[in-house]
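Examination of the molecular architecture
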Amino acid sequence: PVRGQGIAPVAAAALGRASTKVMLIGSLVFTASELALAPVHGAVLAGVLLFFVGAGFSAWSANSNTAMQLAAPDRLRGRIIGIYFYAFNGTGPIGGVLTGWLIAKGGTELAFLVGGILGLAATGVATQQLRGRPPLLSLRRLRLPIRRTA
């Protein structure tokens, strides 16, 4: 996933803006790749799928983080991002325990299968919830000061 995680942020930066479409496509690629990885036992195919897991995760992560920052008022931005990262990183230990339990019950196949199915379901719900909403950038007017340097 390391190579995939390097490409997606560069592509997101090239867009120059947050994109709901890229965020949802990233989520779809991430979770579908996890689901496809479940039955794989070969190193080469697993490596290819892990590339797509990393690229999809990075595309989703970069765009969701940017969307949160753009939608938040300046005075609340730090607090909102703090809550976002707490929810994102702070729940990791719980996810680790659940993943360990799934692996103990059915191996890595079961863990990737459950993660892929739940991720695809969440992507479907997010797609339905975001349908018809304005693009991420139009959620908040950007007021960036223009500084000219001599």
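A brief structural summary. Here the structure is a predicted model, which means the values were calculated and not measured. (Residues numbered from 1 in each chain as written. Predicted model: local features only at pLDDT ≥ 70, side-chain atom pairs only at ≥ 80, totals over all residues. Heavy atoms only, no water.)

Here we take up the side chain of Asn65. The topology assignment puts Asn65 in helix H3 (residues 43–71). Residue classification places Asn65 among the buried positions, given a relative accessible area of 16%. Each residue touching Asn65, except ones within four places of it in the same chain, is listed here: Ile81, Tyr84 and Phe85. (Helix = DSSP H or I, 4+ residues; strand = E, 2+ residues; numbered from the N terminus. Buried < 20%, exposed > 50% of the residue type's maximum accessible area, 1.4 Å probe, protein only. Contact = heavy atoms within 4.5 Å.)

Here the idea is simple: oppositely charged side chains can pair when their charged atoms come close. Considering all chains together, one arrives at one salt bridge under this definition. For the salt bridge of Asp74 with Arg77, the shortest nitrogen-to-oxygen distance reads 2.9 Å. For Asp74, a relative accessible area of 53% translates into the label exposed. (Salt bridge = Lys/Arg side-chain N within 4 Å of Asp/Glu carboxyl O.)

Right, let's talk about the packing of aromatic side chains for a bit. All chains considered together, the criterion is met by seven aromatic pairs. Ring centres of Tyr84 and Phe85 lie 5.3 Å apart, and the angle between their planes is 80°; on these two criteria the pair is classed as edge-to-face. On the basis of relative accessibility, which here comes to 14%, the residue Tyr84 falls in the buried class. Among the aromatic side chains, those forming a connected cluster through ring pairs are Phe30, Phe57, Trp60, Tyr84, Phe85 and Phe88. (Phe/Tyr/Trp six-rings, centres within 6.5 Å; stacked < 30°, edge-to-face > 60°.)

Moving on: the environment of Ile103. Locating Ile103 in the fold gives a position in helix H5 (residues 92–130). The class for Ile103 is partly exposed, based on a relative accessible area of 38%. Sequence-distant contacts of Ile103, defined by excluding residues within four places in its chain, comprise Thr108 and Ala111.

To continue, consider the packing of helix H2 (residues 20–37) against H5. Where H2 meets H5, the closest approach of the two axes is 7 Å, and the angle between their N-to-C directions is 160°. Comparing the axis directions of H2 and H5 gives the class roughly antiparallel. Between H2 and H5 the crossing geometry is left-handed. Here Thr20, Met23, Leu24, Ser27, Leu28, Thr31, Ala32, Glu34, Leu35 and Leu37 of H2 come into contact with H5, specifically with Phe112, Leu113, Gly115, Gly116, Ile117, Gly119, Leu120, Thr123, Ala126, Thr127 and Leu130. A per-class count over the contact of H2 with H5 returns twelve nonpolar, eight polar and one charged. (Axes fitted to C-alpha atoms, helices over the stretch in contact; angles between N-to-C directions. Parallel < 35°, antiparallel > 145°, perpendicular 65-115°, else oblique. Left-handed = near helix turned anticlockwise from the far one by under 90°. Nonpolar A, V, L, I, M, F, W, Y, C, P; charged D, E, K, R; others polar.)

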